Amino acid sequence: MSTELYSDGIGEITVTGTIVRIDLMSLSATERDEKNNPKPAFRQRIIMPVDAFANAVDLMQKALAGLVEAGAVRRIGDIQKLPAGDTQQGQMTTNASPNFN
């Protein structure tokens, strides 16, 4: 049996010796900040050896490159590189997730 877990992002990454801990977070349904936005809440932790983390980062960078190439996301540094005639210029081009900024 396989279980799936949804995460709005990574809250913190901690390295202790040869072990990496990745705290996954999601937005709270009940807690709000001073601007009435949902607060991030810890949900689950991934624990792995450093070499597995390095491999995961490499795989995620390749996945991100594919998303950028497909136009699904834009890197913040790419906003200034838009051609003058780009029809999306002037529109919000940053990603909502802090993990891609």
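Just so you know, these numbers come straight off a predicted model, no measurement behind them.

1. Re unusual backbone geometry
In terms of backbone geometry, most residues other than glycine have negative phi values and most peptide bonds are trans.
Then comes step 1: Although it is not a glycine, Asn-36 sits at a positive phi angle of roughly 70 degrees.
Then comes step 2: Checked against the element boundaries, Asn-36 lands in the loop between β2 (19–32) and β3 (38–49).
Then comes step 3: By relative accessible area, which is 54% here, Asn-36 ends up exposed.

2. Here we look at the pairing of β2
Then comes step 1: Bridging between strand β1 (residues 9–16) and β2 involves 7 bridges; their strand directions are antiparallel. Looking across to β2, one finds that Ile-10 is bridged to Leu-24.
Then comes step 2: Between β1 and the antiparallel strand that follows it, β2, lie 2 residues; Gly-17 among them carries a positive phi value of about 65 degrees.
Then comes step 3: Two strands pair when backbone bridges link them, and β2 and β3 are joined in this way by 10 bridges, in the antiparallel orientation. Note that in β3 the partner of Val-20 across the bridge is Met-48.
Then comes step 4: Linking two consecutive strands that pair antiparallel, namely β2 and β3, is a turn of 5 residues; a positive phi of about 70 degrees is found at Asn-36 within it.

3. Points about the side chain of Ser-28
Then comes step 1: Along the chain, the position of Ser-28 falls in strand β2.
Then comes step 2: In terms of polar contacts, Ser-28 uses its side chain to reach the backbone amide nitrogen of Thr-30, at 3.1 Å.
Then comes step 3: Not counting the four nearest positions on each side in its chain, Ser-28 is found in contact with Pro-38, Lys-39, Ala-41 and Arg-43.

4. With respect to the pattern of salt bridges
Then comes step 1: The tally for this structure, following the rule as stated, stands at 2 salt bridges.
Then comes step 2: Notably, a salt bridge pairs Arg-45 with Asp-23, separated by 2.5 Å at the nearest N-O pair. Of this pair, Arg-45 sits in strand β3 while Asp-23 sits in strand β2, placing them 22 residues apart in sequence.
Then comes step 3: A relative accessible area of 43% means that Arg-45 is categorised as partly exposed.
Then comes step 4: In this structure, Lys-62 and Asp-58 form a salt bridge, with 3.3 Å as the shortest nitrogen-oxygen distance.

5. A look at the confidence of the model for the chain
Detailed reading of predicted coordinates is not advised where the pLDDT is low.
Then comes step 1: The share of residues in the chain with pLDDT of 70 or more is 75%, and the mean pLDDT across the chain is 84.
Then comes step 2: Scored below 50 in pLDDT, residues 89–94 shows 9 contacts in the model against residues more than four places distant or in partner chains.

About the criteria used
Residues numbered from 1 in each chain as written. Predicted model: local features only at pLDDT ≥ 70, side-chain atom pairs only at ≥ 80, totals over all residues. Heavy atoms only, no water. Helix = DSSP H or I, 4+ residues; strand = E, 2+ residues; numbered from the N terminus. Buried < 20%, exposed > 50% of the residue type's maximum accessible area, 1.4 Å probe, protein only. Pairing = 2+ DSSP bridges. Polar contact = N/O pair within 3.5 Å; in protein donor to acceptor, adjacent residues only side chain to side chain. Contact = heavy atoms within 4.5 Å. Salt bridge = Lys/Arg side-chain N within 4 Å of Asp/Glu carboxyl O. pLDDT = per-residue confidence, 0-100.

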